[in-house]
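# Close look at the chain arrangement
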Amino acid sequence: MNNKGITLIEILVSLVIVSVLMAGFYSTFLSQHMVYTAQETITDMTQAARASVSKMVQELRMAGYKKPGEVLNGISVATPTTIRVLADLNRDGDTADPDEQVDYAYDAGTKEITRTANNQSEIVCGGVTSFNFSYTLADGSVTSAPTNPENIRKITINFTVQSEKPVTKTGEHSNISLTLDITPRNMGL
Ligand SMILES: [Ca+2]
């Protein structure tokens, strides 16, 4: 053995060490990248879910909108999965104009939230694995099935949306849950 030279064995050993280090770096990079991608997916999903229900939030907030002195009950149907909101948007004394009577409903079978108005239904949000309306009444109590919808002062929506595609190698979907509180300003006026 020549002490000054590098033997083939030494080169091989170096290569093995370098390979092990590279593999370590790569797997660290890969797992960080996967975490980042998953976080990105959740952020995107949260934004998408909020955007998809933004019109619903806006319309629920307008429940009971009317001209001064007009008698109007802003919510006529309220169950854990359906709601009917009424608003006299053009303040002509009725709720017969476009978008003045709107139904929102959740179907656990299709996992969809639908909006029905002007005799037309559209899907608001898909991939909804759970959904629930709850209502805070004028006396402060909270229920999912109010006897008198006119007593509703706040609507709370709890829902969970599942990612369309699996986000992990094992095929797991990502779930995000959102809670939204809506206070229709014209209820009880
Ligand atoms: Ca009207």
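As a starting point, this report considers the structure included with it. (Residues numbered from 1 in each chain as written. Predicted model: local features only at pLDDT ≥ 70, side-chain atom pairs only at ≥ 80, totals over all residues.)

## Observations regarding the overall build of the protein chain
- Of the regular secondary structure elements, the protein chain holds 2 helices and 9 strands.
- Its helices and strands in sequence order give the protein chain the pattern α-α-β-β-β-β-β-β-β-β-β, from N to C terminus.
- Whereas a compact globule of 189 residues would reach a radius of gyration of roughly 16 Å, the protein chain reaches 28 Å, over 25% beyond that.
- In terms of its C-alpha atoms, the protein chain occupies a principal-axis envelope of roughly 105 × 35 × 30 Å.
- Within the protein chain, buried positions represent 21% of all 189 residues.
- Relative to all contacts within the protein chain whose residues are 6 or more apart in sequence, the contacts with residues 24 or more apart total 46%. (Helix = DSSP H or I, 4+ residues; strand = E, 2+ residues; numbered from the N terminus. Rg over C-alpha atoms; globule rule 2.2 N^0.38 Å. Buried ≥ 20, exposed ≤ 12 C-beta atoms within 10 Å, placed from the backbone. Contact = placed C-beta atoms within 7 Å.)

## Quick notes on the pairing of strand 8 (residues 152-162)
- Relative to strand 8, strand 6 (residues 128-137) runs antiparallel, the two being bridged by 9 bridges. Considered in strand 8, the bridge of Asn132 is made with Asn158.
- When strand 8 meets strand 9 (residues 175-182), the two strands line up antiparallel, connected through 8 bridges. Note on strand 9: the bridge partner recorded for Thr160 is Ser177. (Pairing = 2+ DSSP bridges.)

## What about the nonpolar core?
- Counting 30 residues, the largest nonpolar core has Ala63, Val85 and Val128 as the members making the most contacts within it.
- Elements with a contribution of two residues or more to this core: helix 1 (8-52), helix 2 (54-61), strand 1 (75-78), strand 2 (82-86), strand 3 (101-107), strand 6 and strand 8.
- When residues of this core are assigned to their parent elements, the largest contribution, 5 residues, is made by strand 8.
- Setting aside residues no more than four positions away along its own chain, Ala63 makes contact with Gly74, Ile75, Val85, Leu86, Ala87, Pro184, Asn186 and Met187. (Core = buried A, V, L, I, M, F, W, Y, C linked by C-beta atoms within 7 Å.)

## A short note on the sheet that holds strand 2
- Taking strand neighbours across the sheet as the criterion, the 5 strands line up as 1-2-3-4-5 in an open arrangement whose pairing is antiparallel. Here the strands that pair on one side only, and so sit at the sheet edges, are strand 1 and strand 5 (120-125). Averaged over all adjacent pairs, the angle separating strand axes in this sheet is 15°, with direction ignored.
- Here strand 3 pairs with strand 4 (residues 112-117) via 6 bridges, running antiparallel. Paired with Asp107 across the bridge in strand 4 is Glu112. (Axes fitted to C-alpha atoms, helices over the stretch in contact; angles between N-to-C directions.)

## A closer look at the sheet that holds strand 7 (residues 142-143)
- Strand order in the open sheet made by the 4 strands is 7-6-8-9, with antiparallel pairing throughout. This sheet does not close on itself; its edge strands, each paired only once, are strand 7 and strand 9.
- Both strand 6 and strand 7 contribute to a ladder of 2 bridges, which runs antiparallel. Following the sheet pairing, Thr136 is matched in strand 7 by Val142.
- Contacts from helix 1 reach strand 8 and strand 9, with the element oriented near 35° to strand 9.

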